[in-house]
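The chain contents come next:
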Amino acid sequence: MKKNNIEKIIYIIIVSVMILIPLLKLSTYIPKIEKFYINTFEIKRVYVLWVAIFFLLMTYLYSIFSKKEKIGYIDIIIYVLIVLAFLSTEYAVDFEKSFFGEKYRYEGLLTILSYYFLILNVKSIKQEKYKKNIIKLFIIIGIFQSIYAILQTYTGFTFIRRYSSKYMAMGLCSNPNFFGSYIVMQLLLIGYMYVYNPKKLYLIIYILFGISLYICSSTGPVLSAFVAIIFSIFIMPNKIKKVIKLIIVLVLSFSLANLSLKYIQNKEIEKDVIKNDYVLNDIAMISKQSKEQIGSGRLVVWEKSLPLVKKYWLIGCGLDNFKNVYPNSGYLKYDKAHNVYLQISITNGMPALIIFLILLFISFIKGIKFKNGFFTPIYMAFIGYSIQAFFNISVIDVAPYYYIILGLILSEYGEKNINL
């Protein structure tokens, strides 16, 4: 089989994964289809990843054994991660949970393997048209999710599904925090496409993503976006004027979203007050609880989680087994550490975390070396997600896109400028 045909198969698999995950989620939001699901929140989008493993494994093995691809140091790093994932599962506190994943999360061994094989396959794509199409598709899906999120926040349409507060956007990610971690990649990707190719369309989409990032009300992704943009000033001083413009436009987008959101919320509250005199007290109490959870909540989880790092430092307690070992108190049951890196250290062990960080460090260094109109936007999306991972969790609605982006970063790039 020709190398071009292998790349085409890989491309089809990647595109299928990118489309099917949000499409299956969207199907649960449609009333006429929803009735076919026992639990719409538990829709097995993860099956897409599990099925993809077989095809990703076959294409990768064929590429290696047919000598169309050589085993490099990135491959070896991921092999080590795969071995450590198997060991963590074999000696897990709960083997079944480590293999399939925690209920609703499903980030067990099968899912983790899909992430690793996404990297291994995507990095072997050489044809520019496939890389371009992957990025364009990612942005198109992001536009749809942003529009959907805005409808969730600003309208009362009954056909728009909401899984949490009607004042917070979540797109097709079931949670505002998850949507924030997803949209920060989109924001930085399109923002730096504009920096290198100042099309008005890119700026309009950037504003759309900026509004979406604000209305999800997730602090971590917002902070990560600003940190990533400021970081870019140091690695591309020749683009400083356009980068500053990104910051200004983002602040204006946030201001527009803030003013409009307050107007909508006040109108909704007035309606609710007519129906229920106690609604203002309810809203105030919910607001107070939310602030406590956003602020000290994570700190409490991290504080209680740190001793677990020492206890399970070698191979972890088992993939997605965090809930089994975390010392819960009261009615709250945490199944994630609210920090991707802390989660890895506890569930997969410190060696796995170190190897994973080495992989990210290689990507980080590579991004500083290569700067062009195609690579830099992808690199900035990687930076944004990697920063917000300190405050957020990994979920199957978002993580596959990050690993696809990581694969694109680790694929071959020359000094040639490739524009989208």
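Predicted, not measured: the structure shown is a model, and the values here were computed from it.

Q: It is not clear to me how the layout of surface pockets should be interpreted in this structure. Could you clarify?
A: The probe, sized like a water molecule, is rolled over the atoms to show the empty space still left. What the second largest pocket holds in volume is close to 290 Å³. Forming the boundary of the second largest pocket are 15 residues, of which Ile74, Asp75, Lys123, Leu410 and Glu412 lie nearest the centre. Of all the secondary-structure elements, those providing two or more residues to the lining of the second largest pocket are helix 4 (73–90) and helix 15 (350–369). A per-element tally of the lining of the second largest pocket places helix 4 first, with 3 residues. Counted by class, the lining of the second largest pocket contains 4 nonpolar, 2 polar and 9 charged residues.

Q: I keep staring at the side chain of serine 98 and nothing clicks. Help me out?
A: Note that serine 98 resides in helix 5 (residues 95–100). Judged by its relative accessible area of 0%, serine 98 is buried. A polar side-chain atom of serine 98 sits 2.9 Å from the main-chain amide nitrogen of leucine 319.

Q: Even after reading the chapter, I still don't get the confidence of the model for the protein chain, so can you show me in this structure?
A: Residues shown with low pLDDT carry predicted positions that ought not to be read at fine detail. In the predicted model, the protein chain carries a mean pLDDT of 87, and the fraction of residues at 70 or more is 85%. Between residues 273–296, whose pLDDT stays under 50, and residues either more than four places distant or in other chains, the model counts 10 contacts.

Q: Where do I start with the environment of asparagine 348 in this structure?
A: Take asparagine 348: it is sitting in the loop between helix 14 (340–347) and helix 15. Taking relative accessible area as the criterion, asparagine 348 reaches 4% and is therefore assigned buried. As a C-alpha pair, asparagine 348 and asparagine 321 span 27 residues in sequence and 9.4 Å in three-dimensional space. Other than its neighbours up to four places away in sequence, asparagine 348 contacts Leu84, Ala85, Ser88, Leu314, Ile315, Gly316, Leu319 and Gln343. One polar contact links the side chain of asparagine 348 to the main-chain carbonyl oxygen of leucine 84, over a distance of 3.2 Å.

Q: Help me understand the packing of aromatic side chains, please; the structure alone is not making it clear to me.
A: Aromatic ring pairs are reported here in terms of the distance separating the ring centres and the angle at which the planes meet. In the structure shown here, the tally under the stated rule is 26 aromatic pairs. Arranged with centres 6.4 Å apart and planes meeting at 40 degrees, the rings of phenylalanine 364 and tyrosine 379 form a pair that is tilted. Separated by 15 residues along the polypeptide, phenylalanine 364 in helix 15 and tyrosine 379 in helix 16 (residues 375–388) bring together distant segments of the chain. Tyrosine 379 gets classed as buried once you look at its relative accessible area, which sits at 1%. Ring geometry for phenylalanine 375 against tyrosine 379: centres 6.1 Å apart, planes inclined by 15 degrees, an arrangement best described as stacked. Here tyrosine 379 and phenylalanine 375 lie together in helix 16, a separation of 4 residues that amounts to about one turn. Among the aromatic residues, those joined into a ring-pair cluster are Tyr115, Phe231, Phe364, Phe375, Tyr379, Phe382, Tyr385, Tyr402 and Tyr403. The cationic tip of lysine 239 hangs over the ring face of tyrosine 196; the distance from NZ or CZ to the ring centre is 4.7 Å.

Q: Explain the pattern of salt bridges here, please?
A: Side chains bearing opposite charge may pair, as long as their charged atoms lie close to each other. A full pass over the atoms with the stated rule returns 9 salt bridges. In this structure, aspartate 397 and arginine 45 form a salt bridge, with 2.6 Å as the shortest nitrogen-oxygen distance. Note that aspartate 397 is positioned in the loop between helix 16 and helix 17 (399–410) and arginine 45 in the loop between helix 2 (31–34) and helix 3 (46–65), a separation of 352 residues in sequence. There is no split in this pair, since aspartate 397 and arginine 45 are both buried. Between aspartate 320 and lysine 336 there is a salt bridge, and its shortest N-O distance comes to 3.5 Å. One end of the pair, aspartate 320, is in the loop between helix 12 (279–311) and helix 13 (322–325); the other, lysine 336, is in the loop between helix 13 and helix 14, and 16 residues separate them in sequence. A single network of salt bridges, built from pairs that share partners, joins Lys25, Arg45 and Asp397.

The rules behind each value
- Residues numbered from 1 in each chain as written.
- Predicted model: local features only at pLDDT ≥ 70, side-chain atom pairs only at ≥ 80, totals over all residues.
- Heavy atoms only, no water.
- 1 Å grid on protein atoms, 1.4 Å probe; cavity = no way out; pocket = protein on both sides within 12 Å on 5 of 7 lines; lining within 4 Å.
- Points joined across faces, edges and corners; volume = space filled by probe spheres on them.
- Helix = DSSP H or I, 4+ residues; strand = E, 2+ residues; numbered from the N terminus.
- Nonpolar A, V, L, I, M, F, W, Y, C, P; charged D, E, K, R; others polar.
- Buried < 20%, exposed > 50% of the residue type's maximum accessible area, 1.4 Å probe, protein only.
- Polar contact = N/O pair within 3.5 Å; in protein donor to acceptor, adjacent residues only side chain to side chain.
- pLDDT = per-residue confidence, 0-100.
- Contact = heavy atoms within 4.5 Å.
- Phe/Tyr/Trp six-rings, centres within 6.5 Å; stacked < 30°, edge-to-face > 60°.
- Lys NZ or Arg CZ within 6 Å of the ring centre and 35° of its normal.
- Salt bridge = Lys/Arg side-chain N within 4 Å of Asp/Glu carboxyl O.

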